[in-house]
Amino acid sequence: MMPGGDREAYRRIEPIVTKMAAQVDGAPCCSYIGPEGAGHFVKMVHNGIEYADMQLIAEAYDLFTTVYRLDAGAIADIFEEWRKASSIPISSKSPPRCCARRTPRPARRWST
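How each quantity is defined
Residues numbered from 1 in each chain as written. Predicted model: local features only at pLDDT ≥ 70, side-chain atom pairs only at ≥ 80, totals over all residues. Heavy atoms only, no water. Salt bridge = Lys/Arg side-chain N within 4 Å of Asp/Glu carboxyl O. Helix = DSSP H or I, 4+ residues; strand = E, 2+ residues; numbered from the N terminus. Buried < 20%, exposed > 50% of the residue type's maximum accessible area, 1.4 Å probe, protein only. Phe/Tyr/Trp six-rings, centres within 6.5 Å; stacked < 30°, edge-to-face > 60°.

Novice: Teacher, can you tell me more about the pattern of salt bridges here?
Specialist: Note that side chains of opposite charge can pair when their charged atoms are close. Within this structure, the stated rule accounts for two salt bridges. When the shortest N-O distance is used, the salt bridge between E8 and R11 registers 3.6 Å. Taken together, the positions of E8 and R11, both in helix α1 (residues 7–20) and three residues apart, correspond to about one turn of that helix. Exposure remark for E8: the relative accessible area of 41% places this residue in the partly exposed category. With a relative accessible area of 49%, R11 lands in the partly exposed category. Residue R83 is joined to E80 by a salt bridge in which the shortest nitrogen-to-oxygen separation is 2.4 Å. One end of the pair, R83, and the other, E80, are both in helix α3 (residues 72–85), three residues apart, so they sit about a helical turn from each other. For E80, a relative accessible area of 21% gives the class partly exposed.

Here you go:
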């Protein structure tokens, strides 16, 4: 959570929002961001980065299937190698597991 606004108001609701927030290693993923609008701005930037990450995964998947004719398992292996080699997570969406699913028919491109 990325709350912003009046600091005193945040202090009053802090016990509630930190309890509702996701936890990592026992610590809440919640922090006061700043004055009015700051939380929305930070969340907007975060979402933009995440959407760009997901677009990159989709474009890479399309390239691997249409140009290199790789199957889902081979693509999942590539994504897994990328994930292991990076200090920055490829995506919170776990593309290797998603891509490893087998489909009954090969990928097709839509024609216009």
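Novice: Explain the packing of aromatic side chains here, please?
Specialist: Aromatic rings in a pair are described by how distant their centres are and how their planes are angled relative to each other. If you walk through the whole model with that rule in mind, you get five aromatic pairs. Among the aromatic residues, ring-to-ring pairing joins F64, Y68, F79 and W82 into one connected group.

In short, shape yes, function no, at least from these values alone.
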